[in-house]
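Given next are the chains, with one letter for each unit.
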Amino acid sequence: MMKAAGRWFDARLGLAKFARSAMNHVFPDHWSFLFGEIALYSFIILVMTGIFLAMFFHASAAQVIYHGPYRALFGVPMSSAYNSALQLSFEVPAGLLVRQMHHWAALIFLVAILAHATRIFFTGAYRKPREINWIIGLTLLLLAIVNGYLGYSILGDLLSGVGLRIGYAIFLSVPVIGPWLAYVVLGANIPSESTIPRFYSFHIFIVPALIALLLAFHLGIIWRQTHTNMPGPKRTDKTIVGSRLYPSYTFKSIALFFIVFAVTAMLGGLVQIDPIWTYGPFEPMAVLPGAQPDWYLGWIEGAMRLFPGINLHFGHWVIVPEVFFPAVLMPLLLFLLLYLYPFLERLFLPPDKIHNVLLVPYEQPFNTAFGSAVLMFLLVLIAAGGDDVIAVAAGVSVVTVRFLLRILVFAAPALTGAIIYSICVTMRRHARTRSQESTGEPEQPAEGTEALSAPPATGEHGSPPPLSPPGLPSTP
Amino acid sequence: MKEDKAKDPGDKGGKAGRGGLAFLLTSSMLGLQFLRQRMRRPAGTAHPSPVPSPPHSCKGAAKTSGITLEKDGNDELIRRRRRGTPLILCAFAVGMGGGIGFMYLYWNSGSTQWLGSTLALCLGGFGALLVLYAHWIVRHELVAAPREEMPSGREEREQFYEVFSSGADDIQRRSLLKWMGAGAVALFAAIFVSLFRSLAREVPQTMFTTVWKPGQRLVTMQGKTLTVESLEPGSTMTVFPEDNVGSVKAQTVLIRVDPNLLRLPEGRTDWAPMGYVAYSRVCTHAGCSVGMFEANSNLLLCPCHQSTFDVLRGAIPTGGPAARALPQLPLYVDSDGKLCARGGFTGPPGPGFTGMPA
């Protein structure tokens, strides 16, 4: 049966050669390579749960009166969007489960992308020939952040309304074109009739389509270039070591999909997330103390809280409002630096060559220290995004917390960078002494370990000279 | 979830949960039965499918375009197959049980918690099955394959240029084509950008104006007018112009303070009759409602980013990220003893933008 179907398609498409080479495509076996796959699978889960939610959600700001079973809001006027989200949560069978799974999957998506990017950065996988995928990957991270914001902003609850109002101020703060930009994106000042429908079409159509397109490129390119390898025996710039797509990798990868899905279902069922009914509908006059965005926007929120009240003005006119620096300029510069990192790095390094064998983080102390400092910077900013919550929990004033965080936001990354750098240098020295001592002994099988095969002569950013395995065919 | 959710999740979840549990028990009993039958067979004698010999010998190496570095032997494969099968069947039972439990709960309005748990059992069971299968049954191997070199060979590149330039020779008036192409692209870009006008129809002529007009009375959210007796010292209220109750832009915080403490900027000294001061309630930082007042320090606090504004000194920012004072609304008391606005705010309310009066 399968054979007949195969022949039918092969007669029309001539697939045998491609299918054979696809089945033989080699994937490295290392746990750190799974983050990207987790991101891919959580995107699929997002699409699946999102389609279900779209069946019930009304993307409209039209005012209605709530008549549903949740008594605390009975008879309260609210937007149609919020009303439909409440119906979805309380009346549609499995509606709340799917809504919470969707939100959890979004958080997993972003954590996985960040972990994947971190692995790529710390092992130097972004280097030639994979700079294009580094750029596409960062763009995917940006799109994922944007779509997360769009997603929780359309529900019409008080928390999302506060987020929209801050979003309006951020767009407005862009020099010269700010007001125009804010109105193009949000339709009008918040609250606006146009915002929810506009955000909805971006959230379910435009941004996911872009993500899917870039994902296809991302995967197509890595398929063409083949994966990198962690250092180990027989892993060279010309040879990839791992298991083939068929049969073993297929099992592992589909298993991972099921496990990611299962974790999402468990979280969606048991751990409450974004309980919109407790916030109530968005009212422009209402205040919501302790409000925070989802964690992936916490760093921008934190920067907005820490940045001092300074704007650029000319005489009696504001030129650049204070919000612009932490909420627009800082993220732009950070992403620009990350986008350009593979190319800036070239200015300080020997001529470029192909890097297919990764370096363990301690083999490149500057890289690792820089990456850790950036992560620490973001971590302090995320903490600053909850400075009021921290102040309440610690029993001190917000002013004190803010003062400490304003110091920490520079001190902590610098300190982290310095410490990580010295640790890396020490580890590298020890590893080299060890490998010098053990020369002559057979290398340990390094699958899944960080066993070092780099000989002492390797420079900071160089990779070990190819250990050509005897008898390995050099061409297919 | 919430306690006051309309349905009572506990009861139904419990009932449905018992059903799911019963099913789980049944399916695992069946699985055990199956295992017992399998185990009665003398080991190694009657396996229905003999293990195939490794498919990739010398001939296979060419087909896989790589070489096999490590691979399980057949004995190893048989041993692992025997040990792994019971585990895999257990995972299958969990997956099936979870899935059927989920179906049962779904049709019987089970609670979110039970639905999520059973769905997770179902998916996790099948996930575990595949992991166990990959670990115990599928032959382990480690393959090394050559990577294709990315830069094309010199010959390839030369052939490309040849085809490309011969094709280019067949296109006449190429520079004209380039100019026309550039013109068309520029035009399309201009049309595309112009279309954004549809998205920003109401670009804000009103951004510089204020909703408050001279002589308007201050009213509460419910539309009640306010007299000089309305507030105790140290208390606060949200007020609107009488013809625009609920306007986001016009929302104003009215505070009564001790008049002796007031240090308002020059020219504003008679704006605060009997210690009543009024400021825009929209934060000048990011536009949140400045809804919290601390009577001891006479500070207004924005709950979003913790900017503080000194009510006694014209609401200038005293801490946090805001750079501009909250616009003040000048007040007077009319002949009926009602609080009224002398005019509009001292500046446009809300977050800053280029060209806004500072």
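Think of each chain on its own: its residues are numbered from 1, step by step along the sequence as written. Each chain is given a letter, starting from A, and each ligand a number, starting from 1, according to the order in which they appear as written. Per-residue local features are limited, in this predicted model, to residues with pLDDT of at least 70; the limit for side-chain atom pairs, both in listing and counting, is 80 or more; totals at the level of whole chains, interfaces and linings are taken over all residues. Water and hydrogen atoms were dropped before computing side-chain values, which therefore reflect all heavy atoms in the structure.

Draft legend 1. Molecular detail of the sheet that holds strand S7 (residues 292–294) of chain B. All names here are of chain B. Ordered in space as S7-S8-S9-S10, the four strands form an open sheet in which the pairing is antiparallel. Edge positions in the sheet fall to S7 and strand S10 (316–319), since each has one partner strand and no second. Direction aside, the axes of adjacent strands within the sheet are offset by 35° on average. Any two strands are treated as partners once DSSP identifies two or more bridges connecting them. For helices the rule is a DSSP run of H or I covering at least 4 residues; for strands it is a run of E covering at least 2, with both sets numbered from the N terminus onward. The pairing of S7 with strand S8 (residues 299–301) spans three bridges and is classified as antiparallel. Bridge pairing links Phe-293 to Leu-300 in S8. Interaxial angles span 0 to 180 degrees and are taken between N-to-C directions of axes, which are lines fitted to C-alpha atoms, for helices over the stretch in contact.

Draft legend 2. Geometry of the sheet that holds strand S4 (residues 236–241) of chain B. Within the open sheet, the five strands sit side by side as S3-S4-S5-S6-S11 (chain B). Their pairing is antiparallel. For this open sheet the edge positions go to strand S3 (218–220) and strand S11 (328–329) of chain B, each flanked by a neighbour on one side alone.

Draft legend 3. Quick look at the state of the cysteines. Residues and elements named next belong to chain B. Two cysteine sulfurs form a disulfide in these notes if their separation is within 2.5 Å. As enumerated under the stated definition, the model contains one disulfide over all chains in all. Cys-288 shares a disulfide with Cys-304; S-S distance 2.1 Å. What sets the handedness of the Cys-288 and Cys-304 disulfide is the S-S torsion sign, and at about -90° it is left-handed. Taken together, the residues Cys-288 in the loop between strand S6 (276–280) and S7 and Cys-304 in the loop between S8 and strand S9 (308–310) connect sequence positions 16 residues apart. Each member of the pair, Cys-288 as well as Cys-304, is classed as buried. Cys-283 provides the cysteine sulfur closest to Cys-302, a residue in no disulfide bond, and the two sulfurs are 3.9 Å apart. Here the term buried applies to any residue with accessible area under 20% of the maximum for its type, exposed to any over 50%, and partly exposed to those in between, with areas from a 1.4 Å probe on protein chains only. Given a relative accessible area of 2%, Cys-302 falls into the buried group.

Draft legend 4. Expanded view of the environment of A:Leu46. Residue and element names in this part refer to chain A. Relative to the helices and strands, Leu-46 resides in helix H3 (residues 34–54). Once the C-alpha coordinates of Leu-46 and Pro-208 are considered, the two residues, 162 residues apart in sequence, prove to be 9.6 Å apart. When neighbours within four sequence positions are excluded, Leu-46 is seen to be in contact with His-102, Ala-105, Ala-106 and Phe-109. A contact between two residues is defined here by any heavy atoms of the two lying within 4.5 Å.

Draft legend 5. How the structure looks around the pairing of S4(B). Residue and element names in this part refer to chain B. Pairing analysis gives three bridges linking S3 to S4, with the strands arranged antiparallel. The residue bridging Leu-218 from the neighbouring strand is Pro-241, located in S4. Across four bridges, the pairing between S4 and strand S5 (residues 252–256) is antiparallel. Note on S5: the bridge partner recorded for Val-239 is Thr-252.

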